[in-house]
Structure formats: structure tokens, C-alpha cells
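# Structural description and commentary
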Amino acid sequence: MIAKISSGKSTAGLIRYLYGPGRANEHTDPHLVASWDGYAPDPGRADDITAARKQLVDDLDLRVKQADRLGRAPKQHVWHCSLRAAPGDRPLDDARRVVAATGIAPADDPDGCRWIAVRHAPDHIHIAATKVRGDLRSARHWNDYLTADRELAAIEKEYGLQRVIRGDRTAAKRPHRAEQEKALRNGQAKAARERLRTVVRTAAAAATDTDEFLGLLTHSKGVLVEVLHFPSGEPRGYKVALENDRNAKAEPVWFSGSTLAPDLSLPKIQSRLAAAEVPASAAEERFRPHPWHQATAATERIPHHLDQPDAEAAQAHLAAFGEALDAVALTAPPDIRTELRSAASAFERATRSRVRAEHHHARALRGAVKAMLREPAPKDGAALAMFLDAALLAVIAAARWHDRREHEQQVAAAHKSLLHLQAAYDHTAATPLLVLGQRRPSQNLADQYVRLIRQAAPAHADQILADSASQALTTALAEAEAAGHNPKRLLQQAADERALDDARSPARTLTWRVHRLSQRPAPSRRALAAQARNTGLRHVPSPEPAATAPPTISASRPRRR
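One structure accompanies this document, and this report is about it. Since the structure is predicted, the reported quantities are computational estimates derived from the model, not experimental observations. (Residues numbered from 1 in each chain as written. Predicted model: local features only at pLDDT ≥ 70, side-chain atom pairs only at ≥ 80, totals over all residues. Heavy atoms only, no water.)

### Focus: the pattern of salt bridges
So the rule is basically this: What counts as a salt bridge is simple: a side-chain nitrogen of Lys or Arg found within 4 Å of a carboxyl oxygen of Asp or Glu. To qualify as a helix, a DSSP run of H or I must reach at least 4 residues; to qualify as a strand, a run of E must reach at least 2; elements of each kind are numbered from the N terminus.
According to the stated counting rule, one finds 30 salt bridges in the structure shown. Residues Arg-177 and Glu-181 are paired through a salt bridge, measuring 3.1 Å at the closest nitrogen-oxygen approach. Remark: Glu-181 and Arg-177 occur in helix H6 (residues 177–185); sequence separation between them is four residues, near one turn of the helix. Residues joined by salt bridges that share partners form a network here, namely Asp-109, Arg-133, Asp-135 and Arg-137.

Below, the structure written as C-alpha cells:
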């Protein structure tokens, strides 16, 4: 069951709505099911509806008028709570537990507020109350939404009703009913608030500083931007609107960043931008892995970070990963862009919780994402498939992390995102895996790699070798060896990077890891010797041919003092 609570200043207006047809003729049989004393008039069953409605309003407003003569009546004296049950749950008519839990009419309190409960349909009722007690004091109903929600959770458990997924008040604000109806009239699937939230999130993921973020917003098609400044000239906030979203006065309907989502205010975006590695210069980039490989490697480490006790660091990696999904959706091919946008939109709820993120922990991932946007993925689809494969396991780890902390909405969001990511990955990976499989090495070489697979991943070897993607894996190993890598060492490194238990296809996961690792230069003789010293090995195997020769110093060159 879910509750929605609001306040007002017209008892007559609320009663007229409750016993009227509703906004969309959804009130089919409004009638009273409970009241403060059990004797309140029921306009839904009266011969003279108008007279019964007036009498009911007078009874509810009795104490309000008495308090008003003393100057003690609250301006917003009407309390309205709608309760909706899940489909299939049996009707529950007793609203006393809710008004007692919220402080409107505490149990065994003769001075509790006056209230009624009206049923419109089997799945929902409305509670109307006036917030003046019998002693003419105002009702103490602080945090009434939370107390009502806790009581509804207890009712669900007690009566065996369907459990509602409850949040922690960190979710982005949902569109109002008027916003949703306006979007439908304009032929839009989403309300303006939701569309603007996606635009702002994507700009924040792509930008490297505040000026670039605001510039990206300004150049977004169909979006109006207004920047607010301090007297010093520094930006202190912003608000956005859609060009075609106007109010009755033909003025734009503006949304500030904080009203779109709790983490989209300008100060919070600036804190995330400050906690990102600046993309390397062109000269430095020659000695760094491809940006998509960097982003994939950083994503592959997320499950490890989520298994650590530092919750603030884990939350930072979840927020950065959400930005990575926004960025990938921005650059994805058209045939999977919708799925990736849906995955990013769903996972957005899993990027926030009551745990405060310490964003500096995710500098590497954020920097890789921003570099990735500046260099599109190769057209063969392998780099994108590689990233999506790592993203799938990151989302599974995120769902597990939230589940341990009982973040119900975040768990549901991660599972929803996983479905869209899986569909995008299956579509993307099919062609690159097929191409790799067609370049399968000779049978003798393939048999050698089979033995290496059994040694490197004995727990998953049978599943890997039974998978059709195993041919792509042997091709990746053969191409890595041809590039100068030791296939045994490379495969072991790929298997040790992260557990394969959550992978739906360990063969595919190993293929992408081997493919990514093989893109790096093969280690030189000096690097292998250093590795042997660090690991304490007595015997150093003969190194494979180095991809690049180590630099040498001429003997005649003077030594610097």
C-alpha cells in the first residue's frame, strides 16, 4: 500500500471532490467507510446529497471555527491522505491505524481530530480530516508521510499483502499529474521534468568544468538555460526549460537543477567535476591505453570496490558508473541507443542513497568516461561490447550492494537497468564474436589454449568450452600471442581480474578481457625481470619478443650530477 498526503484550506472543496465524479470520472461509487465517531453523515448514501454534504462539512469544521474565534486555527487546516492497495490485495476499510500513527487521531485520545474515510474503488480510499483537536490545539502530525508509510508496511506484513518497494527519500521528484497529462497532450512519452533531467545528467557526464557544463546545456537543442550569478560574477546556480513547454501566460516552465534531482544542483555537479582526472594531452595519450579500454578497466574494478567496507567510496563509484552509462548512451549506434538510454535512466535511481559519496575515489572512472566521449568507439563494435560486458557485472554488483543495505528502490532500479543492458549487449556482441570465431587458429594451437583455459579457470572450464564463444576466446589468445604476449600469463591475468561467478557467459567475458589486455604493449625483458623480483620467483621464463625496445643510454653521454 502507498500513501499520498497533502494539506489544504477548504474542507468543502475536498468533500466536493471526494463525492464528485473525479478528474477522470474515476469516482464510481463514493461512500463513507469510517469516521471519527462512526456517526458522520454519508452523502454517498443520502437522498439529498447536497444537504448531507453541507452537514458533513459543518461537522468536520466545528472545531476549526471554534479555534478561529480564538485566532488559533491553522491556515492549512485540511489534511488529505489517499491510500492505494496493490492489484489483487483485498479491500481494507479501517483507516484508524493510519490516522493514529500520523498523529491526526491518536488511539484512546478523546481530543483527536475529526476525520472520515471515503472509498472510491476496491483498491483505494481517501481520508479527510481537519487539523484542530478537541482541546482546540493544532494536531501534531510531523513527518506524517514517513509514519504513515511505516504503518502501511506493518499492515502489509500483518495481513499478507503485497509489499511495496519503499525508498529512502533520495529519489528524483516524480512529475505531477498535471505535468504527465500535459506531456500526453503534446504527444510526449515523458514529462518535461524527466526529459530535462536526462539532458542535464548527460551534460554533467560529458563536461570537464563548470563553463563546459553550462555551455553544453546552452547548446542543447530545444533547451533554454538561465544562469544565476553571485555579485562576484561566479555562477551560483542554473535553471532550464524546454522551448515548447509554456504555462498559461506563454512563459517557459523553469526547473532548477535541485528540483530535477538531488544531485543536479550546481554545487554538487561542481564537486563531481572537480573529482575527475582531466583527459590527457595528445602527447601523453600516445602512451596510455585507448579511452574505451580505460573506461572498461575502471568499470571492471567496480565490483571489487563495492566489496570493500568503505561505503562512501562505493557510493562514489556507483555515481560515476551512472555517468558512464549516460555517456555511452550518448555515443551509441542508433540501433541500441534506445536500450542504453533506458538502462541509464533506470540506473539513475541506483546512483543515490543515504550514503554520502566521496567522489574523489572515482577519479579514474570519471576521467576515462570524459576521454571516451572525445574518442568514439571503433566501428567494429568490439570496444562497445567489451564495455557493456563489464557494465553488466557492475550492475549486478550494484544490486547486491544496495540489497545488503535494504535500499529497495535502488535494487529494483538496478534489475531494471540490467534487462536493458543485456538486450543492448546481446545485439552489440553478436557480430564481433562471430568475426573473431571465424579467425579461429589451427586445431593444434586451439588444443593448447584449451589446456590453458582449464588451468586458468578450472571451476568454469566446462561451461567456457561448451560455449560457442570459446572459439572467439581461442582467437583472442592466438592474436595476443602473435602480438608478443604470453598467452598463459595473459589468460591467468584475465581470469584473476574479477570472479566469473556472476557472468552469464564466462567465455565472452574472458574473450573481452583478453582482447583488451592484448592491446597493451607486450612486456619487455626488463619488465619481466622486475616482475620476477617482485613476486619472488626463482626461475624467470624466457620472455616473449618485446613490442618496443627499452630505451638505452649512450656510454659517452655525460652523467648528470
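### Structural notes on the packing of helix H14 (residues 311–331) against helix H15 (residues 334–347)
To be explicit about the condition: Note on definitions: angles span 0 to 180 degrees between N-to-C directions of axes, and those axes are lines fitted to C-alpha atoms, for helices only across the stretch in contact. Between 65 and 115 degrees an angle is taken as roughly perpendicular, under 35 as roughly parallel, over 145 as roughly antiparallel, and anywhere else as oblique. Here a crossing is taken to be left-handed if its near helix is turned anticlockwise relative to the far helix by less than a right angle, and right-handed if that turn runs clockwise. The contact rule is simple, with two residues in contact once any of their heavy atoms fall within 4.5 Å.
For the pair H14 and H15, the least separation of the axes is 8 Å and the interaxial angle reads 160°. When the axis of H14 is compared with that of H15, the two are roughly antiparallel. Viewed along their axes, H14 and H15 form a crossing whose handedness is left-handed. Of the residues in H15, those touching H14 at Leu-318, Phe-321, Gly-322, Leu-325, Asp-326, Val-328 and Ala-329 are Arg-337, Leu-340, Arg-341, Ala-343, Ala-344 and Phe-347.

### Here we look at the side chain of Glu-179
You can see Glu-179 is positioned in helix H6. In contact with Glu-179, other than residues within four places in its own chain, are Ala-191, Arg-193 and Phe-255.

### Notes on the packing of aromatic side chains
For any pair of aromatic rings, the description consists of the separation of the ring centres together with the inter-plane angle of the planes. Condition: Paired rings are identified among Phe, Tyr and Trp, the last through its six-membered ring, by centres lying within 6.5 Å, and are further divided according to the angle between planes into stacked (under 30 degrees), edge-to-face (over 60) and tilted (the rest). Burial classification: accessible surface area is computed with a 1.4 Å probe over protein chains only, and a residue below 20% of its type maximum counts as buried, one above 50% as exposed, and the rest as partly exposed. Only when the NZ atom of a Lys or the CZ atom of an Arg is both within 6 Å of the ring centre and within 35 degrees of the ring normal do we say a charge sits over the ring.
Applying the stated criterion across every chain yields a total of three aromatic pairs. For the pair Phe-213 and Tyr-238, a centre-to-centre distance of 5.5 Å together with 80° between the ring planes defines the contact as edge-to-face. Residue Phe-213 is located in helix H8 (residues 210–218), and its partner Tyr-238 is located in strand S7 (residues 235–242); the two are separated by 25 residues in the primary sequence. Residue classification places Tyr-238 among the buried residues on the basis of a relative accessible area of 3%. Ring centres 6.3 Å apart and planes at 85° place the aromatic pair Trp-292 and Phe-387 in the edge-to-face group. Of this pair, Trp-292 sits in helix H12 (residues 291–300) while Phe-387 sits in helix H17 (residues 382–404); the two residues are 95 residues apart in sequence, bridging distant segments of the chain. In terms of burial, Trp-292 and Phe-387 fall into one category: buried. For Lys-239, the ring lying beneath its charged end belongs to Trp-254, and the centroid distance is 5.4 Å.

From the geometry alone we can't say anything about function, so treat these as descriptive.
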